[in-house]
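In case you want the letters, here they are:
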Amino acid sequence: MNVLGIETSCDETAASVVGVDGVRSDVVYGQAVHAAFGGVVPELASRAHAEQIVAVVRAALQNAGIERPDAVAATAGPGLVGALLVGLSFGKAAAVGWGVPFVAINHLEGHLLSCLLDRPAPEFPFLALLVSGGHTTVYLAEGVGRYRTLAETVDDAVGEAFDKVARLLGLGYPGGPHIDALATSGDPRAIAFPRPRVGELDMSFSGLKTAVRNYLLAHPGAPPADVAASFQAAVADVLLDRVRRAAKLTGVDRVAMGGGVAANSFLRASLAASGLRVFLPPRARCTDNAAMIANVGRLRLLAGLGADSLETTAHPRWPVGSAA
Ligand code: KG4
Ligand code: ZN
């Protein structure tokens, strides 16, 4: 079964075909229009999606060497409502036109299960560390569609912290990749930033961002590479501690990671050295893409969870694991 996935929840217009042998095509158009604004401008995102969607979907089908898929899966949330509506409406219309099933996908479930697109893939149950621009959560994935939240941030998402610290350092948006690159020439032990944990499993990142700001005010000559590396080390320590604790509590030592921050080289290396059994999607499949959406659509249909109604609308907020 070949599933066409469509993703337009934020500022990437993406389409992909996933079949029995894995990813057959994976097209991501990153919208450059937002760079000048230091963040995503929702109305500009919707317009760019509407302009690009036909070419992006056509390229995904062409690269996969197929004329029509056996099902269409599109992101229905969470995300920017106008942006979501472009891919969702296009996906529904295409499914009707081809006479194939339509599946509405939760973007977070896409990140959560992207570890299943490559070999070796973890068996259920596994722990999934989701680190993106809006979410920082450790889930216990028990099966397709069955996720238990074990740990989460009580304030900022870790991607948000990367973007804010990048701004403090005068780097561009999105900040994660800039910090990642700058940190390679810095010393992760140069500055002892706090490691904020909350209760037994939760965490907090807004205090860490403030600590970086205060440090920069007090040490205006601090080498930016050391600040970036030390910030990353603090983030990695907190995340690793929470994942280790979740593993101990559940007795599950298989750990997958997903979401944009999972592309971070320091975090990937720290997790890989943790002694847990770690499953990392390739870096390009950590940031937003449509292969992860096609993947969930395919798995849901194969698991007998059924197609979704064409009445399904966009959900700007949508907890993973709940119905569309
Ligand atoms: O999953 P994603 O592409 O979009 C959301 O669903 O939010 O995640 C975007 C976030 C941004 O905060 C970005 O700065 C961060 O992922 N990010 C990174 C890296 N690449 C992207 N953070 C740290 N290191 C990276 N290499
Ligand atoms: Zn994402």
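Residues numbered from 1 in each chain as written. Chains lettered and ligands numbered in written order. Predicted model: local features only at pLDDT ≥ 70, side-chain atom pairs only at ≥ 80, totals over all residues. Heavy atoms only, no water.

**Things to note about the coordination of the zinc ion (ligand 2)**
Of the protein atoms, only His 107 (NE2), His 111 (NE2) and Asp 288 (OD) coordinate the zinc ion (ligand 2), at distances of 2.0 to 2.1 Å. Each donor residue of the zinc ion (ligand 2) belongs to the same chain, with the gaps between them written as H-x3-H-x176-D. In this pair, His 107 and His 111 both sit in helix α3 (residues 107–113), four residues apart, roughly one turn of the helix. (Donors = N, O, S within 2.8 Å, 3.2 Å for Na, K, Ca; no water. Helix = DSSP H or I, 4+ residues; strand = E, 2+ residues; numbered from the N terminus.)

**Section: the packing of aromatic side chains**
By the definition in use, this model includes three aromatic pairs. Ring centres of Phe 124 and Phe 126 lie 5.2 Å apart, and the angle between their planes is 25°; this geometry places the pair in the stacked category. Judged by relative accessible area, Phe 124 falls into the partly exposed class, the value being 30%. A centroid spacing of 5.0 Å and a plane angle of 75° characterise the contact between Phe 162 and Phe 231, whose relative ring orientation is edge-to-face. Taken together, the residues Phe 162 in helix α4 (residues 158–168) and Phe 231 in helix α7 (residues 224–250) connect sequence positions 69 residues apart. Judged by its relative accessible area of 3%, Phe 162 is buried. (Phe/Tyr/Trp six-rings, centres within 6.5 Å; stacked < 30°, edge-to-face > 60°. Buried < 20%, exposed > 50% of the residue type's maximum accessible area, 1.4 Å probe, protein only.)

**Let's talk about the packing of helix α5 (residues 175–183) against α7**
The interhelical angle for the contact between α5 and α7, taken along N-to-C directions, is 110°, at an axis separation of 8 Å. When the axis of α5 is compared with that of α7, the two are roughly perpendicular. The element α5 and its partner α7 pack so that their crossing is left-handed. Only Pro 224, Ala 225, Ala 228, Ala 229, Phe 231 and Gln 232 of α7 make contact with α5, whose side of the interface consists of Ile 179, Asp 180, Leu 182 and Ala 183. (Axes fitted to C-alpha atoms, helices over the stretch in contact; angles between N-to-C directions. Parallel < 35°, antiparallel > 145°, perpendicular 65-115°, else oblique. Left-handed = near helix turned anticlockwise from the far one by under 90°. Contact = heavy atoms within 4.5 Å.)

**Looking at the pairing of strand β6 (residues 126–131)**
Along β6, six of the six residues are buried, which leaves the element largely enclosed by surrounding structure. Pairing of β6 with strand β7 (residues 136–143), which is carried by six bridges, proceeds in the antiparallel orientation. By the bridge assignment, Leu 129 is partnered in β7 with Val 138. Counting the residues between successive antiparallel strands, the hairpin from β6 to β7 contains four residues. With four bridges joining them, β6 and strand β11 (residues 254–258) adopt parallel strand pairing. Looking at the pairing, Ala 128 lines up with Ala 256 of β11. (Pairing = 2+ DSSP bridges.)

**Remarks on the packing of helix α1 (residues 42–64) against helix α2 (residues 81–98)**
Direction vectors running N to C along α1 and α2 enclose 40°, while the axes themselves pass 9 Å from each other. Compared by their axis directions, α1 and α2 come out oblique. Remark: the crossing between α1 and α2 carries right-handed chirality. Of the residues in α2, those touching α1 at Ser 46, His 49, Ala 50, Ile 53, Val 54, Val 57 and Leu 61 are Gly 82, Ala 83, Val 86, Gly 87, Phe 90 and Trp 98. Classifying every residue of the contact of α1 with α2 gives nine nonpolar, four polar and no charged. (Nonpolar A, V, L, I, M, F, W, Y, C, P; charged D, E, K, R; others polar.)

**Description of the site of ligand 1**
Inspection of the region around ligand 1 gives 21 residues, with Gly 133, Asp 163, Gly 176, Asp 180 and Gly 260 positioned closest. Between Asp 163 and ligand 1, the recorded distance is 2.7 Å, taken from a side-chain N or O atom to an oxygen atom. Contact with the protein chains hides 88% of the accessible area of ligand 1, taken as 550 Å² for the molecule alone. At the level of elements, α3, α4 and α5 are the ones that each hand at least two residues to the shell around ligand 1. The leading source of residues in the shell around ligand 1 is α5, at four residues. The class makeup of the residues in the shell around ligand 1 is five nonpolar, 12 polar and four charged. (Near = heavy atom within 4 Å. Polar contact = N/O pair within 3.5 Å; in protein donor to acceptor, adjacent residues only side chain to side chain. Areas by Shrake-Rupley, 256 points an atom, 1.4 Å probe, with all protein chains shown as cover.)

**Looking at the pairing of strand β2 (residues 12–19)**
The buried fraction of β2 amounts to eight of the eight residues, a majority that puts the element mostly inside the structure. Summarising the sheet, strand β1 (residues 3–7) and β2 pair through five bridges and their orientation is antiparallel. In the strand pairing of β2, Leu 4 is matched with Val 17. Taking the residues between adjacent antiparallel strands as the criterion, β1 and β2 are bridged by four residues. Examined bridge by bridge, β2 and strand β3 (residues 22–30) share eight bridges and lie antiparallel to one another. Residue Glu 12 lies in a different strand from β3, and its bridge partner there is Gly 30. Between the end of β2 and the start of β3, which pair antiparallel, lie two residues.

Honestly, it's all geometry; don't read function into it.
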